[in-house]
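Architecture and fold: a report
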Amino acid sequence: FSLQPKSLVFYHFLTLKIGEGAKGCLNCRYLTPADLCSQEEMSRREDLISSLEQESTTSFLELASKHYSKADPYDLQEIVEQLNRDSLKQLWKNAEGMCTKQFLERTVLDSVDDDIQQEGIAILRGIAALVSSAINIGDVDRAAHAVPVLDILHGLLPMIPNGGQDVQNSIAKLFEKWWQNELPQRESIVPHTVPFLLIKTLVHGSKVSDIQRLWSFRQAILILDFEDISCDHLKSLLLQCLIHPLYLQSDEGRRFLSFLFGLHPSFTEQVHVTIKQNIPNCPRPLLEAYGELYFRAWRSSAGVYLEKIENDCIQDLMHHAVHAQRTGSHNLSSALLKVLGFLHQQKVVRGMDSMLLRLYDPILWRALKVANVDVRANAASLLIDAFPLQNPDSTREENDELIQKQISVLLDLLADPAPLIRTMGVTGICRVLGIYWELMPSATLQTLLKRLIKDMSCDMSSSAVRASVFHGLSFVVENPLSHPVLAKVLPELKLHIHDTSERVRSAFIQLLLAVRNVRMIKFWDVVPMEHLLHRLAVDRPSIVRSLVKLLYVSYQPISKEGQVQLSRCVELIRSDPAAARKFYQFAHLHMSTSQAGKFILFLCRTLRGTVVSGGGEKSAESTATSSEKAKKQSSAKGKKAPAKGKRKGRKQKQVEEEEEDREEVEDDSVVASNASSAAAAEGDGEAEEMLISGDDEVLISGLLECMVVIWQSILQKLKKPGCATLTARLEKEFSAALPDFFETFKSSRSRAAILLLSSNVHADAAAALSSGCLEMLGSMPSTTLPQEYAPVVGACCSWDRTSEVLQTLHAWLTKALYPDTSVQQAASATAAAAPPPAKRGSRKAASRKGKATASASASAAVCASDHPVLAGKEPVLQGCFALDVLTWMLVQPTCREKVLAASKPLEDITTLLKSVLDVVEEHVTGAANNQNQASDRLRLLRAAFCMYTRLQVHLHAQSSKEQSTVVEREDAGNATGSPALPAKHRSMIDSTAAGDDGGLLSSMQDLLDWANDVLLKGLASSEELQPPPKPVTVPRGKRKAGRMTPEVPSTDNSDLNPNVVATCILQELLTTCAEITVLGLADRWFLVGLAQACCNLIDTGKVGPFIPYLCKLLFQLSVMFHDPLEGNDSATETDDPAPFLLAKLLQWLQEECAQNEEEAKERYFPVFQSTLSEVVRTYHRRRHAMTTGESSSTAMAAITLAIVGMLTRMAEEEFASDVCSSAAELPALSGMLLHVVTRGVPTLRSFLEQLQRSLDLDALDSPPALMAVVHVTGCLQGCGQREQLLQLVESLQHQVCTQSESTLTDEYSSMLAKAGDSLKALQNKLSE
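Everything quoted here is computed from the prediction, not taken from an experiment.

Rules behind the numbers
- Residues numbered from 1 in each chain as written.
- Predicted model: local features only at pLDDT ≥ 70, side-chain atom pairs only at ≥ 80, totals over all residues.
- Heavy atoms only, no water.
- Helix = DSSP H or I, 4+ residues; strand = E, 2+ residues; numbered from the N terminus.
- Buried < 20%, exposed > 50% of the residue type's maximum accessible area, 1.4 Å probe, protein only.
- Axes fitted to C-alpha atoms, helices over the stretch in contact; angles between N-to-C directions.
- Parallel < 35°, antiparallel > 145°, perpendicular 65-115°, else oblique.
- Contact = heavy atoms within 4.5 Å.
- Left-handed = near helix turned anticlockwise from the far one by under 90°.
- Nonpolar A, V, L, I, M, F, W, Y, C, P; charged D, E, K, R; others polar.
- Salt bridge = Lys/Arg side-chain N within 4 Å of Asp/Glu carboxyl O.

1. Regarding unusual backbone geometry
Cis geometry is found at the peptide bond from Phe387 to Pro388, where omega equals -5 degrees. Relative to the helices and strands, Pro388 is located in the loop between helix 22 (373–386) and helix 23 (396–413). Within the chain, Gln185 stands out as a residue other than glycine whose phi angle is a positive 55 degrees. Within the secondary structure, Gln185 sits in the loop between helix 10 (165–180) and helix 11 (190–202). Given a relative accessible area of 48%, Gln185 falls into the partly exposed group. Look at Asp800: it is not a glycine, yet its phi comes out positive at around 60 degrees. Along the chain, the position of Asp800 falls in the loop between helix 44 (786–798) and helix 45 (802–817). We classify Asp800 as exposed; its relative accessible area is 60%.

Okay, structure coming up:
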C-alpha cells in the first residue's frame, strides 16, 4: 500500500498496526520500521552488515564477542529481527562472501598457524550465532535467506579442528533447530549432522543428553539412501551403537536402537547379526535390554518389517537358543534365554502369545525329543520360561489341550535319563504350580505333587534332582493358596534333613526358612525339633549357619526379657548340649555385640546366684556385703560434686561411670534377691523357675560352654574402642565370679569351660586360677587328650605364663631323654657318654657334637629327679605328652606367638631336642643298651626329632619377621627425617638376616649329612624287617602342604630295632624337607643336595617305606624348578635334579617288578602313577617357556628308558609271538608308564619325539630293543598321532633292515623278521 501521513494521529495509528503485524511490513515504500527506530539502532544494523563486507574480519569478531558477552547488551537476534528485506538479503550475501573467502578460498581451518586457525573458529562461531538468530525469529521467509550460509556451515562441520569442539557442537545444535522447525531445504543438513551426533554418543565421556539429541533428530535418518555406498560409514556408526553400554542402559538409547530395525529391510538383518555377535560377550545385566529392543521393534513394526523381525530375528534367536552351548566360561544358552525371557514376560501385549506359539511350534517340540542332552535341556528351559504357550484366538478347548500337552511334556522330563533334564523338569513343574496354582485342576495338582514328593525327592542317582525339589517347593510356598495342601504333604519329607548330600540338606533348610514365614505351616511340624538339633550338632558350618538362622528366634528371643532367654537356653542345653554349643557359636551373626555381651553377663549372674544359693550363709553374706558396699560407693559418687573448672567431657565421663555403677548395683541386687528367694523357697517349685540347680552338672557345664562360645565369637569385636565399656564390665564381673565357679563346679567340662573363660580375663583378675594352672598341668597324666589340656595351656599363654609352661615341658623332656641320670650326675654322665665325632671329621659335625653335649649337660642340670610334676610318672610317656602339648601350642595362632616370643625357654628346648640326634645315633649304631618300652621310646624319639625340625622352621620365620620389622622401622625413620640406625647396627642386621637364611638351610643340610653318615649306613647294614606302608596318593595341584602320617613299624616292647629307628627318623626328615620346599624356604643348592640324599637312600635298596615321601619330594622338585608361575628365575635347566631322581626311582621300581611284580603293582604303583602324572604335566607346562627343553627331554628319556627296558628284557627272555596292541598286554611297569604318557596329547607327542630321537641317535640298536619299540608302537596305533607314528615306523623299518644285514643268530633273525612284518602291517593300517 502507499499512504501519505497527514497528521500525528495517522502516525500513531500506523505505528500500532505495524507493531501488531509480523515484525513490520516489508512492502511499504514510504514507511518502514527502520524509520521509526533511533539513530543508534540504525548504526548497529549498518555496522553489522558492513563488518561482513570488509576485507578484515576484526570488526565482525568484535561484534560477535559483544553478542556472547553477558556484560554487553548487544544482541544479534534483535538486530537481525529489525532488518528489512533488502538489508537482510545484503546481510546474508555478505555473510556468504565472508565464509567463501575465509573457508573455501583461504581454508583458514587447514592452516598450520594456530592463530589463523583460531580466528577461523571465531568467525564460524559468529556466523553460527547469526544463523541461530534467524532461526529464533521464527519467520520462514527470513530464515530462507540463510540457506547458502547454512550449506557452507554444513560442509565445514566435519572439518573443524580439535580446538573447535564447542563451535562444532553449536553448529550441530543449529542444524537440529533447523530440522525441528521444518525450515526450507532441511534435508541438505542431514548427511553430516547425523554422523556427528552418532560420534558424539560413542566417544569416551558421552552422556545420556547426547543420546536424547540423537533421538530427537532420528527422523532425519529416514531420508538417507541405505542402499547407496556412501552410507556405509553411517551404517558402521549405527551398528556400533548397538554394542555401546550407554545406549543399552538408557531408555532413550533403547528406543533409538529399536528404531534402527525399521530403517531398511537389509539393514534390519545387519542389526540382528550385530546383536547376535555381541550376546556372548555382553554383561548379564544388559542382556535383557536386547530383549527389550526386539520387543519394541516388533510392537512398532508392520508389513515387511514385522515379517522380517519375527522370522529372521526372533525365530533365529529361538533356533540358536535351542542349539546353543551350555558349558564353558560363556554360557550362550543362558544368555539367549535371558534375551528371549523379556519377550516371554510381555504376554499381556496383544499378539505376543500367538507370535510366540507360532515361532516356537516348528522348533520346540522336535527339540525336546532329540538325542542330544544339551539340546533337550535348552528346549526344556525355553518351554519352562515361556509357559504357557497359547493362542488367544483359538477356542477354549484347543487352548486347554495345548496346555495339557505342555504339562505332559514337563512330566516326561521327570523321567529323562539325564539328571540335568530331570532337574529342569522339577523346576518347571514347581514354577507352574507356584504361578498357576489356582488355575490347575485338583487332580493335576495331586499328580504333580505326588511325582515331586514321592519320586523326585528320592532320586538316588542325582543329588541335584533332589535339591531341585526343595528349591522348587520354596517357590511354591510363596503362593498362599498352596498352604493348606503343603501343610499336609511337607511332613513326608522330614527325613531328607539327613540326606547324605550337603546341597540337598542346604536346599531343605532353605525350604524350612521359607515355611517359617507361613502362619499356617510350622517348620517344627515339617521336621521334628530333635532332628534339627541333631543336624545342628553334627553338620558342616555352612549348614549350621542356616540352621541357626532357622532356630534363632525360637531359642534366643532378643525381644523378650532375660528370664525367657535363659529358659530357652536351658531347654536347648538339656535337649542337646552339642547342638547348644554350635548354636551359640554362630548366634553372634544375628545379634549385636552389646546384646551378646549382656547375655553373657546375665548367664554369669544367674550362675553366681546358683553358687550363692548353694554356698550357705557365708556366700549370701558376702554377696549382700558387696551389694551394700557398691550402693555406698554409688551414693558417695552421686553426692560428690565435680571439681571447679573441669571440662564438660570430664563431667560426661563421670555421669557414665555413675550409670555403670548403678547397673552393677542393680545386678548385685538381682543376685542377692535370687539368693534370698532360694533360701525362702527351700525346695519349692518356685525355686526351679528362678534358679538353676547346682547339682545338674550337665546343665551347668552347658551354660559355661555357651558363655565361652559366645565370648570367643565376639572377642575381636570387643577389642574395638566402642566396646571398651562392655569389655570392662565383662572382666569385672567374671573376675569376681570365676573363683567361686572354679571352687563350686568340679566336673571336667565345667573346669575346662571356666579356664577358657578365665583366659579372656587379665591374669591379675584371675590370680587364684593363674597361680595353680601349672600344678593342674603337672597333675595331668600322659594319656590326657588335647581337649582336656588345651584350656589349661591356653589360659597360661593368655596370662603370659608361656615361659613357665615351656620350662615345665623342658623338665619333662630332659627326664624322658635321660631317665637314668640324677641332677648331680647329669652333666658328668652326659659328657662321659658323648659319642666320638663322626668319621667325616668335618668341623660342622664336631661343633654339633660339642653343642649337643653342652645341651644335654645344661638340660640335666635344670631337671630335678624329684620335680613335683614328675613324681610317680613314667618319664618316656611324660616326654611324649610334653611334645604333644608343645605341638598344640605351635598349631594355635595365639599360643604360637607367645611361644616364639619366649626366646630363652624355647632356645633351651631346641638345644635339648638337638641332643636327640646323639640318642638316635646310639640306637642305630647299636651303642645303646636294650631298654624296655621300645615302642614308647620310638614314639618319643620320632616326635622329638620332628619337633626339632619344626622349631627350626618356626625360629627361622620369627627371625625373618623381626628383621623385616627392624628394616621397616628404619625406612620409616629415614622417610620422616628421623635419625637412621648406625652403620654398625645396620651391617649387623644384614649379617644376621643372611645368617638366618643360611641357618635353616645349613642346619637341614647338616641333618642330611648326618642321615647319610649314620642312618643310611645303619639302614644298609640291617635287614628290612617291615613291609612298606600303604600307598599314599599325592594330591593333585601345586604345593599341597601337609605332614604324612604313615603307619609306624611295629616293634616289641623289649628291644628297639636300629632299622626301625632309622626308618622312622628318615621319614620325618624327608617330610620336613618337603614342607620346607612347599613353603618356598629352600634354594636350588639345598634342593640339589636333597635330591642327592634321596638318590643315596635309593642306592641302599631299602626304599619301600619311603616311596610316598620320595614321590612327594619328586613332585615338589619338579614344581620348584619348572613351574612358570613360581617366578624361580634363578633356577636353570642344568640345575634340575628331578629327572635324575626320577631315573633312580624307575630303576629301583624295575628291579622290584623283576622280583615280585604283583607285590610292586599293589604297593607302589598307585602313589607312583599319580605323582608321575603330575610331574609330566608340570614339565609340559614349562616346556614352551624353556629355550632348550633339556630337563623335559631328560625326564621323558627316563620314562622312555624304563618302558623300553622292561620290554627289552621280555623280548630277551621270552619271545612274543604277536606284537602287543594295547597297554594291558605289556608288563605292569611299562603299561603303567605308557598309560601316564598317553593321557594327554602334548605328553604323547613328547614321548613319540623322544622315541624318534633315540632311534636317530642309534640308542636302540639291538634287536630286542627294536622289538620293544615295535611293541610300544603297536600299543599306540589308536592314539591318533598318525603322522608321528608313520615317521616312527619308517625309522624302525630302516633300523630293522640295518640289523637284519648284520645279525647272525637265528633267534635274532626270526625276531627281526617278525618285527618287519608287524611294521608293514602297522604302516598299511596307519596309511588307510
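2. Comments concerning the packing of helix 18 (residues 304–322) against helix 22
For any two helices packed against each other, the geometry comes down to the angle between their axes and how far apart the axes lie. Viewed as axis vectors pointing N to C, helix 18 and helix 22 meet at an angle of 130 degrees, and their least axial separation amounts to 8 Å. If you check the angle between helix 18 and helix 22, you find them oblique. Contacts from Met318, Ala321 and Val322 of helix 18 reach helix 22 at Asp374, Val375, Asn378 and Leu382.

3. Some remarks on the packing of helix 45 against helix 50 (residues 903–914)
At their nearest, the axes of helix 45 and helix 50 sit 9 Å apart, and the two run at 15 degrees to each other. One finds that helix 45 runs roughly parallel with respect to helix 50. Judged by the sense of rotation from one axis to the other, the crossing of helix 45 with helix 50 is left-handed. For the pair helix 45 and helix 50, the contacting residues are Ser803, Leu806, His810, Leu813, Thr814 and Leu817 in the first and Pro905, Leu906, Asp908, Ile909, Leu912 and Leu913 in the second. Counted by class, the contact of helix 45 with helix 50 contains eight nonpolar, three polar and one charged residues.

4. What to know about the pattern of salt bridges
Overall, the coordinates contain 30 salt bridges when judged by the stated rule. Across the salt bridge formed by Asp316 and Lys276, the nearest N and O atoms sit 2.8 Å from each other. Here the residue Asp316 occupies a position in helix 18, and Lys276 occupies one in helix 16 (residues 265–278), the gap between them amounting to 40 residues. Given the relative accessible area of 18%, Asp316 is considered buried. A relative accessible area of 27% places Lys276 in the partly exposed class. For Glu502, the salt bridge is made with Arg540, and the minimal N-O distance between the two is 3.3 Å. Pair noted here: Glu502 is in helix 28 (residues 502–516) and Arg540 is in the loop between helix 30 (529–538) and helix 31 (541–555), with a separation of 38 residues, a long-range link. One network of salt bridges, in which partners are shared, links Asp251, Arg254, Arg255, Glu292 and Arg296.

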